[in-house]
Amino acid sequence: MSYIAKPKVSHPKLPRNELGLTARDYEGAVSTLCAGCGHDSITAAIIQAVFELGVQPHMLAKMSGIGCSSKTPAYFVSQAHGFNSVHGRMASVTTGANAANRDLMYIGVSGDGDSLSIGMGQFAHVIRRNLDMCYIIENNGVYGLTKGQYSASADIGSIAKKAAPNRQMPIDPVSTAIGLGATYIARSFSGDKQQLVPLIKGALTHKGFALLDVISPCVTFNDNVGSTKSYAHTRKHFHHVIDADFVAPSKEIVAAYDEGEAMPVKLHDGSKIVFRKIDKGYDPTSRAAAFAFLRDSISKGEISTGLLYIDSSAGDMHSDSETIATPLSRLPYAELNPGADKLADLMNRYR
């Protein structure tokens, strides 16, 4: 994590939201991620989204696991609550926190390795429970924090710096979430802030589990030709003197295109990926149609972005479990403690 404080000085005429706060009030520490990393663009989009929504900083809970992606919560809303859990366990920690205090707004930032490999079981069950949270996957196809091993979202044929081509089928988090019953599913690109900010706002205000899969290129390790998640970076001027890493600054790749259009995005190594933004005629309320649309897009080699599926009538974990409206964290101990007699009756059921 980074704890480098940003200067407090800001322009006096910055726009203010309904709380009287500026976007600067929603910032966090200075990022220590590689220059040009797509994760920092996602951070900027999150800051813009919570600013526009007028979220009270102390009512936001930022959750993460382990990885480059899980450093992100340090970089926004420094006055919010936060918990950096162990690898792949962000979902269960968030479930516990939400069970104790349902009044907070929960945003979890995870990675493709954190969610689709070691955390796959956690990812599946947090969807199954329909936890009221915004779950962002910063998807780059590699374990950047541990020097670029393939993640579960890496495409067949991807070539890492020091490994044979990947032969395993990738896990698509969006298709997986549709099959598991998620009630808000979207995908975007870290370089398309115009699309990303509204999707984050929708995910934060959705009642129930909201997944946002964001393709976020790794400028350092996913530089292999043919990868659909790459920012190939060539270190032509790196002189090996000691075992230390240096990543030369790269210019961030951005994209702007209209609804219904497909647009190839040229990466630094000359390769291209194709994004297609769904048009206004697309119906995001049919789970079966959304799944079929995604499979068709994958077969065409396209990455569909936008709001892919939503069910606004499904409720959440608390409504499904009929929990008490008062957060458990605010109930007195006398009400939480059933007493010796009731506990004995409960235990007798299992004798």
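Structure's up top.
Residues numbered from 1 in each chain as written. Predicted model: local features only at pLDDT ≥ 70, side-chain atom pairs only at ≥ 80, totals over all residues. Heavy atoms only, no water.

(A) Up close: the overall build of the chain. Across its full length, the chain carries 10 helices and 11 strands. The buried share of the chain, taken over its 351 residues, is 48%. Working note: accessible area of the chain is about 17,200 Å², and carbon and sulfur atoms make up 56% of it. (Helix = DSSP H or I, 4+ residues; strand = E, 2+ residues; numbered from the N terminus. Buried < 20%, exposed > 50% of the residue type's maximum accessible area, 1.4 Å probe, protein only. Areas by Shrake-Rupley, 256 points an atom, 1.4 Å probe, with all protein chains shown as cover.)

(B) Broad picture of the packing of aromatic side chains. One pass over the structure, following the stated rule, counts three aromatic pairs. Ring geometry for Y26 and F51: centres 6.3 Å apart, planes at 70 degrees, overall edge-to-face. Here Y26, found in the segment before helix 1 (38-53), pairs with F51, found in helix 1; they are 25 residues apart in sequence, far enough to count as distant. For the pair Y26 and F51, a shared accessibility class is recorded, and that class is buried. Linked through ring pairs, F123, Y135 and F209 together constitute an aromatic cluster. The positively charged end of K62 is found above the aromatic ring belonging to F76, 5.4 Å away from the centroid. (Phe/Tyr/Trp six-rings, centres within 6.5 Å; stacked < 30°, edge-to-face > 60°. Lys NZ or Arg CZ within 6 Å of the ring centre and 35° of its normal.)

(C) Representation of the side chain of N17 in the model. Inspection of the secondary structure puts N17 in the segment before helix 1. A polar contact of 2.9 Å, which involves the side chain of N17, links it to the backbone nitrogen of L19. (Polar contact = N/O pair within 3.5 Å; in protein donor to acceptor, adjacent residues only side chain to side chain.)

(D) Fine view of the environment of S85. You can see S85 is positioned in the loop between strand 2 (81-84) and helix 2 (90-100). Dropping the residues within four chain positions of it, S85 is found in contact with S64, G65, I66, M90 and V93. (Contact = heavy atoms within 4.5 Å.)

(E) Spatial organisation of the packing of helix 5 (residues 173-180) against helix 7 (residues 287-299). It is at 10 Å that the axes of helix 5 and helix 7 come closest, and there the two elements cross at 160 degrees. In terms of orientation, helix 5 and helix 7 fall into the roughly antiparallel class. Pair helix 5 / helix 7 crosses with left-handed handedness. Each of V174, S175, A177 and I178 in helix 5 lies in contact with helix 7, whose residues at this interface are R287, A290, F291, L294, R295 and I298. Residues that form the contact of helix 5 with helix 7 fall into these classes: seven nonpolar, one polar and two charged. (Axes fitted to C-alpha atoms, helices over the stretch in contact; angles between N-to-C directions. Parallel < 35°, antiparallel > 145°, perpendicular 65-115°, else oblique. Left-handed = near helix turned anticlockwise from the far one by under 90°. Nonpolar A, V, L, I, M, F, W, Y, C, P; charged D, E, K, R; others polar.)

(F) Structural detail: the pairing of strand 3 (residues 105-111). The buried fraction of strand 3 is high, at six of seven residues. Note: strand 1 (residues 60-64) against strand 3, five bridges, orientation parallel. Residue pairing for strand 3: L60 is matched across the bridge by M105. As defined by bridge partners, strand 3 adjoins strand 4 (residues 133-139) across five bridges and the pair is classed as parallel. Its bridge partner lying in strand 4, V109 is registered against I136. (Pairing = 2+ DSSP bridges.)

(G) How the structure looks around the environment of M105. Checked against the element boundaries, M105 lands in strand 3. We classify M105 as partly exposed; its relative accessible area is 21%. Residues M105 and K62, 43 residues apart in the sequence, show an inter-C-alpha distance of 8.6 Å. Residues within four places of M105 in sequence aside, it is in contact with V55, M59, L60, A61 and L204.

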